[in-house]
Amino acid sequence: MVSRVIPVQPFDLVVFGGTGDLARRKILPALFRRFCAGQMDGGARVIGAARGEMDGAAYRAFTRDAISEFGGDPVEMEAHLSAFLEQLDYVALDANGDDGWDDLVGRLDDGDRIRAFYFSVGPSLFGPLATRLYDHGLASPRCRIVVEKPFGRDRSSAQKLNAVLAQHFDETQIYRIDHYLGKETVQNLMAIRFANTLFEPLWNSQYVDHIQITVAESGGVGTRGGYYDKSGAMRDMVQNHIMQLLCLTAMEPPAKYDPDSVRDEKLKVIRALDPVEPEGVVRGQYEGTDTLPGYRNEVENRDTTTESFVALKARISNWRWAGTPFYLRTGKRLRARASEIAVVFKDAPHSIFGSDSGRHRNILTIRLQPNEGIEMGVTIKEPGPGGMRLVDVPLDMTFSEALGPQSEYVPDAYERLIMDVIRGDQTLFMRGDEVEAAWAWVDPIIERWDVAGTQPALYSTGSSGPDDALALIHRDGRRWREIRP
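My aim in this report is to walk through the structure given alongside it, one point at a time. Here the residue index of a chain counts from 1 through its sequence in written order. Per-residue local features of the predicted model are confined to residues with pLDDT of at least 70, and side-chain atom pairs are confined, for both listing and counting, to 80 or more; whole-chain, interface and lining totals are unaffected and use all residues. Water and hydrogen atoms play no part in the side-chain values, which are based on all heavy atoms of the structure.

A closer look at the environment of Glu415
Rules: Working definition: helices are DSSP H or I runs of at least four residues, strands are E runs of at least two. Numbering for both runs from the N terminus. Relative accessibility decides the category of a residue: with a 1.4 Å probe and only protein chains considered, values under 20% of the type maximum give buried, values over 50% give exposed, and everything between is partly exposed. Counted as a polar contact is a pair of N or O atoms within 3.5 Å, where, for protein atoms, one must be capable of donating a hydrogen and the other of accepting one, and residues adjacent in sequence contribute only when both atoms are in side chains.
Here Glu415 is to be found in helix H13 (residues 413–423). Under the relative-accessibility criterion, Glu415 is labelled buried at 1%. A distance of 2.9 Å separates polar atoms of two side chains, one belonging to Glu415 and the other to Arg34.

Here it is as structure tokens:
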């Protein structure tokens with residue numbers, strides 16, 4: 001692993017839900033990789049907390065298995081795992097009661113250390129955990145809380161949750177995590193825009209025809225069926241992940257790269273979004289095949305109207321983007337797993353090459369997953385005699401190829417975000433007013449679906465989504481980019 005890191009200060013990290021799926025798949029492996037990189041010194045302590053009865057030795061065995069399955073390089077495991085596990089402990093406690101809290105307080109007796117409390121639990125426990133941390137004297141000025149999504153189910157519930165957390169913690173102590181913001185390519189979007197004079201002068205409605213943001217998944221809901229059927233693609237993806245990508249793509253340059261400057265500009269984008277008209281949004285639900293279950297079978301609810309696919313046309317009413325549509329789509333069981341932002345520039349105002357040269361456009365594509373990288377489509381002359389034949393070719397900067405050995409290992413988003421929590425850097429985390437504004441834009445769409453009671457349009461597994469989604473963009477004389485891995 002090649003990585004330039006600065007060790008963080010000694011800290012205590014308590015992971016509530018420390019035996020859950022997120023801790024097993026993401027949080028614990030991410031911490032181990034940061035330990036291997038030299039970012040966590042021997043003074044760091046990680047304490048898992050959950051209802052299950054377990055001692056420290058059993059939790060270390062649990063963690064060893066998790067790292068082996070989800071994040072362990074054999075060489076690093078041999079060299080570092082034993083030392084990492086020595087920094088782990090476990091406390092059995094009840095988030096809704098007082099059992100185990102005195103034990104946790106006893107483990108955290110050094111009040112001068114940075115303390116972070118990761119709420120890797122269901123949203124119904126966010127409030128009780130915040131209250132008990134305060135009641136037991138653990139909500140010191142040097143502590144931070146990390147809150148996973150979903151942060152509320154609508155604007156009203158998000159406001160109530162913000163109010164509960166604000167009773168015991170300052171906004172500067174609350175880290176609402178969205179792992180998409182921790183992806184290297186998402187952060188590179190800001191570098192592309194604001195560190196290169198080539199793009200920023202063209203980043204507006206005068207030169208950009210439209211922008212497409214796609215988050216496609218090839219898998220179904222899997223084991224998340226119970227949760228997903230109560231949320232759907234709009235709540236699970238659009239209100240948070242895709243909204244964040246939209247904000248970073250559309251926002252004005254912040255005065256400086258610090259938490260409030262960046263988040264102020266993102267909030268302005270959300271507040272400038274026009275309401276989405278009924279004809280501007282499509283929802284779908286995947287059908288099964290001979291070998292794969294359909295959505296209704298997978299969630300075991302034959303009457304469900306929950307969407308597994310959403311496509312919509314968004315408009316931003318401000319000076320920079322007036323007249324430039326943003327086409328957003330996300331769905332499960334699509335043709336491939338692929339996430340990208342495509343900035344489609346307008347045609348040249350006049351072609352000197354005549355009608356036979358065809359139509360050519362520059363497209364800047366930021367690939368988030370897989371094969372993270374940036375690609376710029378440019379038009380050149382096709383080699384060979386026979387006249388001026390034009391062809392589009394990519395200028396491709398796949399990170400693993402362009403950056404050499406230092407990019408062989410791309411840190412997982414959770415690695416970056418957890419360390420940002422310890423450093424006290426909120427730049428890549430959502431602020432309370434930002435979350436509420438996002439819900440305020442999404443809520444009317446969901447309410448309209450609920451009132452109408454209509455079924456989502458069905459689409460075939462392995463397709464690009466329902467036909468209505470194709471019509472959404474085709475009637476504007478445009479086409480969706482092909483979903484490809």
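With respect to a negative patch on the surface
Rules: The patch calculation keeps residues exceeding 30% relative accessible area without a salt bridge and links them within 9 Å when they carry like charges or within 5 Å when they are nonpolar (Val, Leu, Ile, Met, Phe, Trp, Tyr). Each accessible area is a Shrake-Rupley result for a 1.4 Å probe, and residues are judged covered by the shown protein chains and nothing else. The rule for a salt bridge is simple: a side-chain nitrogen of Lys or Arg has to be within 4 Å of a carboxyl oxygen of Asp or Glu. Note on charges: Lys and Arg go in the positive column, Asp and Glu in the negative column, and His and the chain ends are not counted at all. All charge positions are set by atom: Lys at NZ, Arg at CZ, Asp at CG, Glu at CD.
Judged by side-chain charge, Asp98, Asp99, Asp102 and Asp135 come together as a negatively charged surface patch. Note on placement: Asp98 falls in the loop between strand S3 (88–92) and helix H4 (101–107).

What to know about the packing of aromatic side chains
As a reminder, the rule being used: Note on ring pairs: Phe, Tyr and Trp rings are taken, using the six-membered ring of Trp, and paired if centres are within 6.5 Å. Classes follow the plane angle, with under 30 degrees stacked, over 60 edge-to-face and the rest tilted.
A full pass over the atoms with the stated rule returns 15 aromatic pairs. Measuring from centroid to centroid gives 6.2 Å for Tyr228 and Tyr295, while their planes differ by 65°, and the two rings are edge-to-face. Placement of the pair is Tyr228 in helix H8 (residues 225–228) and Tyr295 in helix H11 (residues 295–299), with a sequence separation of 67 residues. Residue Tyr228 shares its accessibility class with Tyr295, and that shared class is buried. With 5.3 Å between their ring centres and 80° between their planes, Trp321 and Phe326 make a pair best called edge-to-face. Comparing Trp321 with Phe326, the two get one shared label, buried.

Remarks on the environment of Arg423
To be explicit about the condition: Throughout, a contact is declared for two residues whenever any of their heavy atoms are within 4.5 Å.
You can see Arg423 is positioned in helix H13. When its relative accessible area of 42% is taken as the criterion, Arg423 is described as partly exposed. Between the C-alpha atoms of Arg423 and Ile114, which are 309 residues apart in sequence, the distance is 9.1 Å. Non-local contacts of Arg423, meaning those with residues more than four positions away in its chain, are made with Val8, Gln39, Arg144 and Arg416.

Things to note about the pattern of salt bridges
Per the stated rule, a full pass over the model turns up 34 salt bridges. The salt bridge partner of Arg431 is Asp260, with a shortest N-O separation of 3.0 Å. Of this pair, Arg431 sits in the loop between H13 and helix H14 (432–452) while Asp260 sits in helix H10 (residues 259–272); the two residues are 171 residues apart in sequence, bridging distant segments of the chain. Taken together, the shared-partner salt bridges connect Asp260, Arg263, Asp264, Arg431 and Asp433 into one network.

Side note on the sheet that holds strand S4 (residues 114–119)
As a general point, the strands of a sheet are linked pairwise by backbone hydrogen bonds and lie either parallel or antiparallel. Using the following cut-off: Paired strands, as defined in this entry, are two strands with at least two bridges between them according to DSSP. Axis definition: a line fitted to C-alpha atoms, over the contacting stretch in the case of helices. Angles run 0 to 180 degrees between N-to-C directions.
Pairing in this open sheet of six strands is parallel, and the strands run S3-S2-S1-S4-S5-S6 from one edge to the other. Sheet topology places S3 and strand S6 (174–176) at the edges, where each strand pairs with a single neighbour. Taken over all neighbouring pairs, the strand axes of this sheet differ in orientation by 20° on average, direction set aside. Where strand S5 (residues 143–147) lies against S6, three bridges are found, and the strand directions are parallel. In the sheet register, Val146 faces S6, and the bridge partner there is Tyr175. This element, H13, spans strand S1 (11–16), S4, S5 and S6 of the sheet and lies at about 135° to S4.

Quick word on the side chain of Gln187
Within the secondary structure, Gln187 is located in helix H7 (residues 184–194). When its relative accessible area of 13% is taken as the criterion, Gln187 is described as buried. Sequence-distant contacts of Gln187, that is, excluding residues within four places in its chain, are made with Leu181, Gly182, Arg416 and Leu428.

So, the pairing of strand S8 (residues 281–286)
Look at any regular strand and the pattern is simple: side chains alternate between the two faces of the sheet. S8 sits mainly inside the fold: six of its six residues count as buried. Judged by which residues are buried, S8 turns out to be covered on both faces: Val281, Arg283 and Gln285 on one side and Val282, Gly284 and Tyr286 on the other are all buried. In terms of strand pairing, S8 meets strand S9 (residues 309–314) through four bridges, oriented antiparallel. The partner of Gly284 across the bridge, within S9, is Phe309. Judged from the three bridges that link them, S8 and strand S15 (residues 457–459) form a sheet pairing that is parallel. Following the sheet pairing, Gly284 is matched in S15 by Ala457.

Overview of a nonpolar patch on the surface
Taken together, the side chains of Ile352, Phe353 and Met388 present a nonpolar region at the surface, about 320 Å² in accessible area. Relative to the helices and strands, Phe353 is located in the loop between strand S11 (338–345) and strand S12 (363–369). Judged by relative accessible area, which is 39%, Phe353 ranks as partly exposed.

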